[in-house]
Every structure is written in structure tokens, then in C-alpha cells.
Amino acid sequence: MGLTDTHSHIDMINLNPEEILKEAREYGLEKIIVPSADRSSFEKVIELSNKFDEVYCALGIHPTEVLKSDFDADLELIKKLSENKKVVAIGEIGLDYYWDKSFVDEQKKFFAKQVEIAQELNLPVLIHDREAHFDCFEILKDVQDIPVVMHCFSGSMEFAKQCMDKGFYIAFGGVLTFKNSKKMKEVAKNIPLENVLIETDAPYLTPEPYRGRENHPAYVKFVAQCLANLRKIPYEQIVEVTTENAKRIFKF
Ligand code: NI
């Protein structure tokens, strides 16, 4: 069984997709999900997933892009394009209070509406939550019947427990491998493995030992290795469980 990178912007990497995927296969990757950030990336992520068997995609408007979005038209487009079988989630969507807090109301409105659409379409949601744990949870806590994936999780153990109570999934990326990520390591050690996913968020947040370089999906291997070390279980078990989790969630 191979690795699954559940969050990788391969359309933003400075290499052609053939090279990215060749390297990914060499590192033992089996599947990659490419999320979108705005309308202009919808076509790109769908094209990539149509072209390559192991690539799947998610459609959504990222919280930092909501002011540039034509709300109703974009939501209609998401609904229409999600008929494609390679669209396996709505994302990435959520709240970002780190970059700009001047349009929180628009972010919340857009986020809530996209969660509603995901429920309508029966698709999982990929959540971007940056310094907005409480408000994200408020919008997600009543979600039913669809898996909720907390991408690039940055909360405390207490917040992780709240997420576990709701059956949410937590995805760990390159930051887990950083020396100073004590809080994240504690969460990664202690939550049930059945709720864990791994990802890269490439081209950002490159894991050790390549920190500082451009990130590639192949490097999800280092996240898996880190998780195996933290939990003191075999690497193969991490690969197997996280890929099984992804299969169950995204119905590959
Ligand atoms: Ni992302």
C-alpha cells in the first residue's frame, strides 16, 4: 500500500506535473488530492485529475480569496463541476484571521455556504483554519453525514479533543517535523489513528530534512516517518492506516 497526500497544490509547484508525479511514485505515493483556492484554479485542478489516475481534486474558495469571488456564480460553478468523478471534496474552505481580519463576516458567510453545499453534494470538506479555531468550530459543529478534515491542524490538545468528539479528521503536514512544534506533536501522539491523515500543503511548509526548499507531494513520506517515530509504531502501519482513512473519507 502507498502513501496518500490529502492536500497538495501541485498546480503551484515549479515543476511540470509529470516530474512531480514521477518523484512522488519513487517515494511511494499512491494518491494525491489537489485542492483549489479560487475560481481560476478550478479548471487547473480538474484538468490535472482527469489527466493522471492518482490525482484527485477538491473545489472551493479559500477564505483569503472571498472578496475576489463572485459569490453566487462561483457556488453554482462548484456544484456543476463537482459532477466530475475525480472531485472528491469541497475545499479548501474555512477562516483565516492571520492574514486579514477586515472581512471576517464575508469569510464566515462564504464558509458556511460552502459547507452547506458540501452537505447537499454529500462531499467531505477540507478545512483551512488559521487562528480561527473557535469560529470554525461554531460553523462545523452541526455538520452531519459528511467527513470534516481539519487541514494543517494547528490547535491545542483541548481543541483536538473537541474535534474528536465530533468525529472530525486531523491532517498533519510538514510543520509536524519542525523542532519547535511541541503542541502539534502532543496532538499527533495522542489522538486515535483512525482520525489521522497526512498531507504536504506543497509547495508550502516543507518538512525536515528539506525545510527551506520548495515542498513536493513526495515529501509526505517524511511526515509519515515523523508520525511513526512519535507514536513508536512501524512506518508501514502509518502508511496503511492513513491511506485506509483517506479511502474511507474520499471514496477513491
Ligand atoms: Ni492549502
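See above for the structure.
What you see is a predicted model, and the numbers here were worked out from it, not measured in a lab. (Residues numbered from 1 in each chain as written. Predicted model: local features only at pLDDT ≥ 70, side-chain atom pairs only at ≥ 80, totals over all residues. Heavy atoms only, no water.)

Trainee: Hey, could you run me through the coordination of the nickel ion in this one?
Mentor: When a metal holds four donors in a tetrahedron, each ideal angle between them is 109.5 degrees; when it holds six in an octahedron, the ideal angles are 90 or 180 degrees. Around the nickel ion, the donor atoms from the protein are H7 (NE2), H9 (NE2), E92 (OE) and D201 (OD), and they sit 2.1 to 2.4 Å away. Relative to the metal, the four donor atoms surrounding the nickel ion lie at angles of 86 to 176°, and the coordination shape comes out irregular. Within one chain, the residues donating to the nickel ion are spaced in sequence as H-x1-H-x82-E-x108-D. Highlighted residues: H9 in the loop between β1 (3–5) and α1 (17–26) and E92 in strand β4 (residues 87–96), separated in sequence by 83 residues. (Donors = N, O, S within 2.8 Å, 3.2 Å for Na, K, Ca; no water. Tetrahedral: all angles 85-135°; square planar, octahedral: opposite > 155°, others 65-115°. Helix = DSSP H or I, 4+ residues; strand = E, 2+ residues; numbered from the N terminus.)

Trainee: Sorry if this is basic, but what is going on with helix α6 (residues 157–165) here?
Mentor: Given 3.6 residues per helical turn, the α-helix brings residues three or four places apart onto the same face. When we look at burial in α6, the residues that qualify are M157, F159, A160, C163 and M164. For α6, the arc enclosing every buried residue in end-on projection is 155°, short of the 170-degree limit, so these residues lie on one face. Exposed residues on α6 whose side chains face more than 90 degrees from its buried face are E158, K161 and D165. Contact partners of the buried residues in α6: β5 (125–130), α5 (133–140), β6 (148–151), β7 (169–172) and α7 (182–190). Two residues or fewer after α6 comes G167, characterised by a positive phi angle close to 80°. (Buried < 20%, exposed > 50% of the residue type's maximum accessible area, 1.4 Å probe, protein only. Arc of directions from axis to C-beta. Contact = heavy atoms within 4.5 Å.)

Trainee: What is the right way to read empty space enclosed by the protein from this model?
Mentor: This structure, assessed with the given rule, holds one cavity of 30 Å³ or more. In this model, the largest cavity occupies a volume close to 30 Å³. Around the largest cavity sit I127, D129, M150, H151, C152, F153 and S154, which together line it. Partitioned by chemical class, the residues of the lining of the largest cavity number four nonpolar, two polar and one charged. (1 Å grid on protein atoms, 1.4 Å probe; cavity = no way out; pocket = protein on both sides within 12 Å on 5 of 7 lines; lining within 4 Å. Points joined across faces, edges and corners; volume = space filled by probe spheres on them. Nonpolar A, V, L, I, M, F, W, Y, C, P; charged D, E, K, R; others polar.)

Trainee: What exactly am I supposed to notice about the pairing of β4 here?
Mentor: Look at any regular strand and the pattern is simple: side chains alternate between the two faces of the sheet. Of all 10 residues in β4, 10 are buried, a share of seventy percent or more. As paired elements, strand β3 (residues 55–59) and β4 share three bridges and run parallel to each other. Its bridge partner being in β4, C57 is matched across the sheet by V87. Summarising the sheet, β4 and β5 pair through five bridges and their orientation is parallel. Bridge pairing in β5 links I90 to V125. In this view, the connection linking β4 to its parallel neighbour β5 by way of helix α4 (residues 104–121) has right-handed handedness. (Pairing = 2+ DSSP bridges. Right-handed = clockwise from strand over helix to strand, strands pointing away.)

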